[in-house]
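# Summary of structural features
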Amino acid sequence: MTETRIIMGMHITLEIVDPQVTSEIFEEIFSYFTSVDAQFSTYKDTSEIMRINRGEVSKDNCSSQMKEVFALAEKTKEQTVGFFDIKKPDGSLDPSGIVKGWSIQNAADLLLKKGYKNFYVDVGGDIQSHGLNGQGKEWSIGIRHPFKPADIIKVIYPHHKGVATSGTSVRGQHIYNPHMPEKKLLDIVSLTVIGPNILEADRFATAAFAMGKEGINFIEKLVGFEGYAIDHTGMATMTTNFEHYTKTQ
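Each chain carries its own residue numbering, running from 1 in the direction its sequence is written. Residues qualify for local features only when their pLDDT is at least 70, as the model is predicted, and side-chain atom pairs are given and counted only at 80 or more; totals for whole chains, interfaces and linings, by contrast, use all residues. Where side-chain values are given, they derive from all heavy atoms of the structure, hydrogens and water being excluded.

## Side note on the sheet that holds strand E8 (residues 188-195)
Working definition: the strands of a sheet are paired by backbone hydrogen bonds and lie parallel or antiparallel to each other. The sheet built from 8 strands is open, its strands ordered E1-E2-E3-E4-E7-E8-E9-E10 with antiparallel pairing. Each having just a single partner strand, strand E1 (2-7) and strand E10 (236-238) make up the two edges of the open sheet. This sheet shows a mean twist of 10° between the axes of neighbouring strands, independent of strand direction. The pairing of E1 with strand E2 (residues 10-16) spans 6 bridges and is antiparallel. Bridged to glutamate 3 within E2 is leucine 14. Sitting on the sheet, helix H1 (residues 23-40) touches E1, E2 and strand E3 (119-123), and the angle it makes with E1 is about 15°. Should any heavy atoms of two residues lie within 4.5 Å, those residues are counted as being in contact. Angles shown run from 0 to 180 degrees and are taken between the N-to-C directions of axes, each axis being a line fitted to C-alpha atoms and, for helices, limited to the stretch in contact. Every helix listed is a DSSP run of H or I at least four residues long, and every strand listed is a run of E at least two residues long, numbered separately from the N terminus. Lying on the sheet, helix H4 (residues 96-113) is in contact with E2, E3 and strand E4 (126-130); it crosses E3 at an angle near 160°. Strands are treated as partners if at least two bridges between them are detected by DSSP.

What follows is the structure, encoded as structure tokens:
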């Protein structure tokens, strides 16, 4: 079974190929993403993060989920020497750069807990897969050409790892360098990161993109991660072992 819905302003696709799959698990997963949107959206005045930004709720008295996300954000900030920072130049907090990967990971964990072993969760191009697809083969993921969105520039096989892509070709300049927030990120247009799981891949993809050309070198040094960057001229640079994921196991 496969279904796509628009939640959090993005296309969310869930595919489950286990024989015991039911429509109820689809409703449960999509309901979860809806609740995440209601809690973390910076576009909804009633969300918890907006109430925190307005001073109606303190960081000490916020929900356990919000505290977990804040702790992950602070950890990522330290690990990336400040290139990941949920505090915007105007002083407000926007955890979007970590919430997507965090929520996908939670959804995948829920599916595993429910006994599902063969599934694919795609939220706005960030993906966690597990097991095999409907043809009994490894899941494959296409990296879109940043200048020709209808074309696939590279096909990868994640081998149960998480895959996250940060870039400006779809949403424009929505990522910034916290050290120089006024400067547009023009050196690279797309950076795909493969990590141990989607949470890890997503949080480091956002930070690495903010680093510009140095982002791919940052990913190269991370143990258990690989990356594929495309610069503004269309030239691609990949980490040492990225090619491992261009082949089936």
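## Some details on the nonpolar core
One finds Ile16, Phe33 and Leu111 to be the most contacted residues of the largest nonpolar core, which totals 57 residues. Each residue touching phenylalanine 33, except ones within four places of it in the same chain, is listed here: Ile7, Met8, Ile12, Ser103, Ile104, Ala107, Val121 and Val123. Definition used in this section: a nonpolar core is a set of buried Ala, Val, Leu, Ile, Met, Phe, Trp, Tyr and Cys residues joined via side-chain atoms within 4.5 Å. Exposed residues in this analysis have more than 50% of their type's maximum accessible area, buried residues have under 20%, and partly exposed residues fall in between, with area computed by a 1.4 Å probe over protein chains only. Counting residues in each nonpolar core, the second largest holds 13 residues, with Ile141, Val163, Phe242 and Tyr245 among its members.

## What to know about the pattern of salt bridges
Just to be clear on terms, a salt bridge is a Lys or Arg side-chain nitrogen sitting within 4 Å of an Asp or Glu carboxyl oxygen. Using the criterion set out here, one finds 9 salt bridges in the structure. Put simply, glutamate 3 and arginine 5 hold a salt bridge, and the shortest N to O gap is 2.6 Å. A relative accessible area of 28% places glutamate 3 in the partly exposed class. Judged by relative accessible area, arginine 5 falls into the partly exposed class, the value being 26%. The salt bridge involving aspartate 126 is made with lysine 100; its shortest N-O contact spans 3.3 Å. Here the residue aspartate 126 occupies a position in strand E4, and lysine 100 occupies one in helix H4, the gap between them amounting to 26 residues. Judged by relative accessible area, lysine 100 falls into the buried class, the value being 15%. Here the residues in one salt-bridge network are Glu3, Arg5 and Glu27, joined through shared partners.

## Quick word on the packing of aromatic side chains
Given two aromatic rings, one states the distance between the centres and the angle between the planes to describe the pair. Whether two aromatic rings pair depends on their centres lying within 6.5 Å, for rings of Phe, Tyr and Trp, where Trp uses its six-membered ring; planes under 30 degrees apart make the pair stacked, over 60 edge-to-face, and the rest tilted. All told, the structure shown has 6 aromatic pairs when counted by the stated rule. Measuring from centroid to centroid gives 5.7 Å for tyrosine 32 and phenylalanine 33, while their planes differ by 55°, and the two rings are tilted. Ring centres of phenylalanine 204 and phenylalanine 225 lie 5.3 Å apart, and the angle between their planes is 85°; on these two criteria the pair is classed as edge-to-face. Of this pair, phenylalanine 204 sits in helix H5 (residues 198-210) while phenylalanine 225 sits in the loop between helix H6 (215-221) and strand E9 (226-231), and the two are 21 residues apart along the sequence. In this structure, phenylalanine 204 and phenylalanine 225 share a single accessibility class: buried. An aromatic cluster of at least three residues, connected via ring pairs, comprises Phe204, Phe218 and Phe225.

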